[in-house]
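Architecture and fold: a report
Given next are the chains, with one letter for each unit.
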Amino acid sequence: MGSHALAATPLVPFSQFVLKIHSRCDLACDHCYVYEHADTSWRGKPRVVPDAVLARTAERIAEHAGAHGLPAVHVVLHGGEPLLAGPAVIRRAADELHRALPAGCSLDLRIHTNGVLLSPRHLDLFAEYGIRVGISLDGDRAANDRHRRFADGRSSHDKVLAAIGLLRRPEYRHLYAGLLCTIDVDNDPKAVYDALAELEPPRIDFLLPHATWDTPPHRPPHLGPHPYADWLLAVHDRWTARGRPVPVRIFDSVRRTLRGLSSLTESLGLDPADLVVIDTDGSFEQADSLKTAYDGAPATGFTVFEHTLDQVADHPGMRERQSGLAGLSAECRACPVVRSCGGGLYAHRYRTGSGFTNPSVFCGDLMRLITTVRDRVADEAPAAVTVPAQASPTEGDLTEGQLDQIASGHGDAATVAALAAGQLGLTRRMVAALADGRPDAWQVLVDLDGRAPDALDAVFAHPYARAWAARCLRGEPGADLGGLAELAAAAALRARIAFDLPVPVRAGAVHLPTLGRVAVGGVGEARLRGTADGFTVRGADVAWSTPAGAVWQPVRRVALPGWTLALEDTDPQRDCHQWPVADRLDDAGLLDWTGSLREAWELIGRDLPGHAPGLAVGLSTVTPLRPAPEGRDISAAARQAFGAVGIARPATAPILALLLVHEFMHVKLGAVLDRHDLYDPADDRLYHAPWRPDPRPLEGLLQGTYAHLAVTEFWAGRVRAYDGLAGTPADHARRQLATWRGYTAAAVETLAGSGSLTPLGIRMVARMRTAVAPWLDVPVGAAAEAAARASAAANRAAWEARSDMAETRT
């Protein structure tokens with residue numbers, strides 16, 4: 001992607017929405033970007049958001065979520081000061097959003113306030129709707145009163161502390177989202193951190209003050225050239241020395257981006273911006289921080305009454321903020337820490353004349369902060385627990401070249417790692433949408449995100465973590481929020497961090513995703529306590545310390561040259577692959593699987609080398625399925641379980657190789673479809689799939705056609721292996737190649753002629769056509785061609801018969 005081709009890149013759907021419900025404030029903070037910086041648009045906005053704006057905003061968000069299949073949306077009620085709108089308006093906003101969102105899309109609703117007006121009445125309302133509360137506080141009294149005062153000069157500090165005191169009460173603690181602090185380098189960094197940490201927030205956000213090259217930040221000469229970095233590093237030292245007791249978003253983001261993972265804030269990293277603001281008049285705006293650049297900078301000219309969110313996402317300003325590395329200045333693109341810094345916050349790059357094509361006005365501070373944290377992280381002792389190898393993705397989005405790789409049927413390690421990064425981010429958002437259901441487990445996860453993010457990512461990258469979250473978000477029968485405790489316990493054990501959580505007992509066992517299960521018997525709930533040395537499970541009638549012989553059943557892994565994967569036969573969420581899963585493998589079954597996988601991997605490396613790098617990075621889990629009663633080969637992928645395939649072990653290693661690459665094609669395409677629109681979802685027609693007698697929806701045809709690129713390539717390799725030979729195996733390979741290349745080529749043309757592909761979908765199908773073309777020229781003989789034509793004709797006749805029956809019934 002690049003700024004020269006922004007119009008050709010796929011839209012990044014919005015998942016974060018800032019909804020302004022009041023446009024005025026009861027404080028007069030002199031560092032406020034809304035009232036004290038360049039933009040003056042607030043003067044013409046309604047004070048309180050009208051009901052019509054709330055209703056239409058909810059409809060627009062729901063429309064967008066449905067069109068893009070979003071599993072969750074995140075809405076922040078904002079201002080001005082949102083509490084000035086009153087409880088009735090806040091209730092209407094929550095009602096409208098909950099009413100409008102489609103089934104399967106969860107709402108993460110929050111409010112950001114100065115806290116001055118916060119009362120038990122508000123918090124009772126927030127508890128009713130699950131609205132979590134973030135509060136602005138700049139530190140101790142001296143630091144806070146430097147800027148955050150009433151218009152008459154009175155301090156706001158006591159009222160804010162009283163509000164936080166309410167949130168810390170047991171009945172409201174689950175609503176406490178965190179504290180936001182704007183940095184002033186004249187304040188004592190250690191005193192500020194201590195004052196905030198003493199309030200036990202779930203998270204602290206330190207924000208650089210908004211500034212541009214036209215209006216640079218305050219830099220007292222006696223503090224040196226990088227006062228903001230030095231201020232933050234002083235806090236970092238204090239935070240680290242005390243064991244990182246609370247997640248700090250800027251530090252966690254630096255550490256994550258240095259490892260190639262996504263940032264937790266828009267001000268760092270290269271992740272595309274997915275946030276939009278809706279003001280009290282219903283106008284769509286870009287990020288509020290742009291108000292510091294120039295008057296009218298955030299405006300789009302769009303409103304909830306006249307424009308869709310897809311139109312807003314296509315606005316040039318939005319496109320520019322989603323353009324990643326290509327949208328940065330040449331100086332930034334050449335910088336060694338660009339993937340961590342990301343050019344800094346977009347608004348902080350502004351300069352009259354050159355616009356936003358500049359480094360951040362905090363460039364030197366960001367460089368010093370990132371490189372110092374990088375060097376300190378490198379000096380830290382390695383983690384106490386060795387975890388299975390995970391991909392090291394860089395970004396969730398694919399470049400045009402990477403999309404072309406995927407479209408051609410393959411995808412190198414970097415490309416599949418990018419897919420995995422996007423899936424990990426999606427799983428994180430889905431799990432976060434369930435946080436309120438188990439605040440005790442969520443607090444453990446929040447703590448781990450700051451203290452041991454690698455351990456947390458290892459668990460969230462587990463394919464069945466997302467499968468569980470998807471079931472809960474869809475409200476499926478039997479889905480329960482105990483999975484949040486299972487994930488938290490597994491991640492804490494990986495990190496060797498103490499915890500104490502009630503966890504569900506499922507089918508007589510306590511399950512720890514990615515690790516295994518411990519048999520305790522019965523059903524209900526057990527108490528799981530973890531330490532640096534292991535864990536103890538206590539139920540009504542049992543007390544096991546692990547590992548303890550036969551009761552502990554670990555996840556077993558097969559180590560192959562360049563590829564380690566789990567044979568998952570313990571996770572109760574693994575039953576999402578269409579076919580029944582196998583029970584726990586005995587020793588003989590494990591040996592059989594290990595030998596078959598070793599042979600299949602050797603064959604893939606020899607005959608299907610274009611698939612091997614992606615498999616090694618992206619396929620982490622094989623789930624054994626029960627054999628089909630009739631003995632046929634069965635396998636399946638699951639859209640909500642990236643990185644896993646289910647397979648009933650076939651009789652031969654070549655067929656296992658075929659099933660692995662075939663199902664992983666479905667896994668890759670599902671990940672692409674989660675981030676990119678390839679077809680018009682409004683097309684509800686059914687299409688002929690040459691390999692099936694029943695008609696398929698457009699996505700089903702696309703999935704099948706794409707997966708059969710690998711099937712065709714496999715049989716072409718088999719034909720080459722039998723070149724010059726006669727006999728049953730050679731004849732079978734030739735018939736299979738003739739059949740599958742014919743099926744795939746015909747389906748490609750059906751897709752191309754559907755009229756429902758997006759520009760990106762058209763490009764992808766064209767690449768698929770190019771990929772299958774070489775196999776059409778491989779000689780297979782007249783008998784094989786005749787058999788392929790007969791098979792295609794039979795399926796076509798069955799499809800036409802079914803279509804005729806459907807029309808008759810209609």
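Above: the structure in question.
Our subject in this report is the structure included herewith. (Residues numbered from 1 in each chain as written. Predicted model: local features only at pLDDT ≥ 70, side-chain atom pairs only at ≥ 80, totals over all residues. Heavy atoms only, no water.)

Description of the pairing of strand β1 (residues 16–20)
In summary, the side chains of a regular strand alternate between the two faces of the sheet. With 4 of its 5 residues buried, β1 lies for the most part within the structure. In this structure, β1 lies alongside strand β7 (residues 275–278), joined through 4 bridges in parallel fashion. Across the sheet, the residue bridging to Phe-17 is Val-276, located in β7. In this sheet, strand β2 (residues 72–78) lies alongside β1 in parallel orientation, the contact comprising 5 bridges. The partner of Lys-20 across the bridge, within β2, is His-78. Since β1 and β2 lie parallel, the crossover through helix α1 (residues 51–68) that links them has a hand, and here it is right-handed. (Buried < 20%, exposed > 50% of the residue type's maximum accessible area, 1.4 Å probe, protein only. Helix = DSSP H or I, 4+ residues; strand = E, 2+ residues; numbered from the N terminus. Pairing = 2+ DSSP bridges. Right-handed = clockwise from strand over helix to strand, strands pointing away.)

A look at the sheet that holds strand β17 (residues 556–560)
In spatial order, the strands read β17-β18-β19-β21-β20; together these 5 strands make up an open sheet with mixed pairing. Edge positions in the sheet fall to β17 and β20 (635–637), since each of these pairs with one other strand and no more. Neighbour to neighbour, the strand axes of the sheet diverge by 25° on average, direction disregarded. Where strand β19 (residues 621–624) meets strand β21 (residues 644–647), 4 bridges bridge the pair, whose relative direction is parallel. The residue of β21 that forms the bridge with Val-622 is Val-645. Packing of helix α20 (residues 587–607) onto the sheet brings it into contact with β17, β18 (563–567), β19 and β21, and relative to β17 it is tilted by some 30°. Its contacts with the sheet place helix α22 (residues 653–675) against β18, β19, β20 and β21, and it is angled at close to 140° to β21. (Axes fitted to C-alpha atoms, helices over the stretch in contact; angles between N-to-C directions. Contact = heavy atoms within 4.5 Å.)

Comments concerning the pattern of salt bridges
Counting across every chain of the model gives 53 salt bridges. Its salt-bridge partner being Asp-457, residue Arg-428 comes within 3.0 Å of it at the nearest N-O pair. Here the residue Arg-428 occupies a position in helix α15 (residues 413–432), and Asp-457 occupies one in helix α17 (residues 453–460), the gap between them amounting to 29 residues. By relative accessible area, which is 15% here, Arg-428 ends up buried. On the basis of relative accessibility, which here comes to 7%, the residue Asp-457 falls in the buried class. Within the structure, one salt-bridge network assembled from shared partners comprises Arg-203, Asp-252, Arg-256, Arg-428, Asp-449 and Asp-457. (Salt bridge = Lys/Arg side-chain N within 4 Å of Asp/Glu carboxyl O.)

Considerations on the side chain of Ser-340
As for its position among the elements, Ser-340 is in helix α12 (residues 338–341). Every residue in contact with Ser-340, bar those within four places of it in the chain, is listed here: Val-254, Thr-257, Leu-258, Leu-268, Gly-269 and Ile-370.

Topic: the packing of aromatic side chains
According to the stated counting rule, one finds 10 aromatic pairs in the structure shown. With 5.7 Å between their ring centres and 70° between their planes, Phe-535 and Trp-552 make a pair best called edge-to-face. Of the two residues, Phe-535 is situated in strand β14 (residues 534–538) and Trp-552 in strand β16 (residues 552–554); the sequence distance between them amounts to 17 residues. For the pair Trp-740 and Tyr-743, a centre-to-centre distance of 5.2 Å together with 90° between the ring planes defines the contact as edge-to-face. Linking Trp-740 with Tyr-743, this pair stays in helix α24 (residues 728–752), spanning 3 residues, or about one helical turn. Comparing Trp-740 with Tyr-743 shows no difference in burial state: the two are buried. Through a chain of ring-to-ring contacts, the aromatic side chains of Tyr-294, Tyr-346, Tyr-350 and Phe-356 assemble into a single cluster. Sitting above the plane of the Phe-150 ring, Arg-154 keeps its charged end 4.2 Å from the centroid. Between Arg-244 and the ring centre of Trp-239, over which it is positioned, the NZ or CZ distance is 5.6 Å. (Phe/Tyr/Trp six-rings, centres within 6.5 Å; stacked < 30°, edge-to-face > 60°. Lys NZ or Arg CZ within 6 Å of the ring centre and 35° of its normal.)

Re helix α23 (residues 698–721)
An ideal rise of 1.5 Å per residue puts 34 Å on 24 residues; α23 measures up with 35 Å between its terminal C-alpha atoms. Taking burial as the measure, the 24 residues of α23 include 21 buried ones, the bulk of the element. (Expected span 1.5 Å × (residues − 1).)

Thoughts on the pairing of β7
The two faces of β7 match: Leu-275 and Val-277 on one face and Val-276 and Ile-278 on the other face are all buried. Taking the residues that link successive antiparallel strands as the turn, the β7-strand β8 (residues 283–285) hairpin has 4 residues, and the phi of Gly-282 there is positive, at about 90°.

Comments concerning the nonpolar core
The biggest cluster of nonpolar side chains holds 97 residues, and the ones touching the most others in it are Phe-126 and Phe-206. If you tally residues by element for this core, the top one is helix α7 (residues 227–241), at 7 residues. Every residue in contact with Phe-126, bar those within four places of it in the chain, is listed here: Leu-83, Ile-90, Ile-111, Leu-118, Ile-131, Val-133 and Leu-175. Residues Ala-407, Ala-612, Ile-655 and Phe-664 belong to the second largest nonpolar core, which totals 80 residues. (Core = buried A, V, L, I, M, F, W, Y, C linked by side-chain atoms within 4.5 Å.)

Focus: the layout of surface pockets
Its volume calculated, the second largest pocket comes out at about 1200 Å³. Lining the second largest pocket are 34 residues, and of these Gln-578, Ser-635, His-662, Glu-663 and His-666 lie nearest its centre. Looking at the lining of the second largest pocket, the elements with two or more residues in it are β20, α22 and α23. Tallying contributions element by element places α22 first for the lining of the second largest pocket, with 9 residues. (1 Å grid on protein atoms, 1.4 Å probe; cavity = no way out; pocket = protein on both sides within 12 Å on 5 of 7 lines; lining within 4 Å. Points joined across faces, edges and corners; volume = space filled by probe spheres on them.)

Keep in mind that these numbers describe shape and distance, not what the molecule does.
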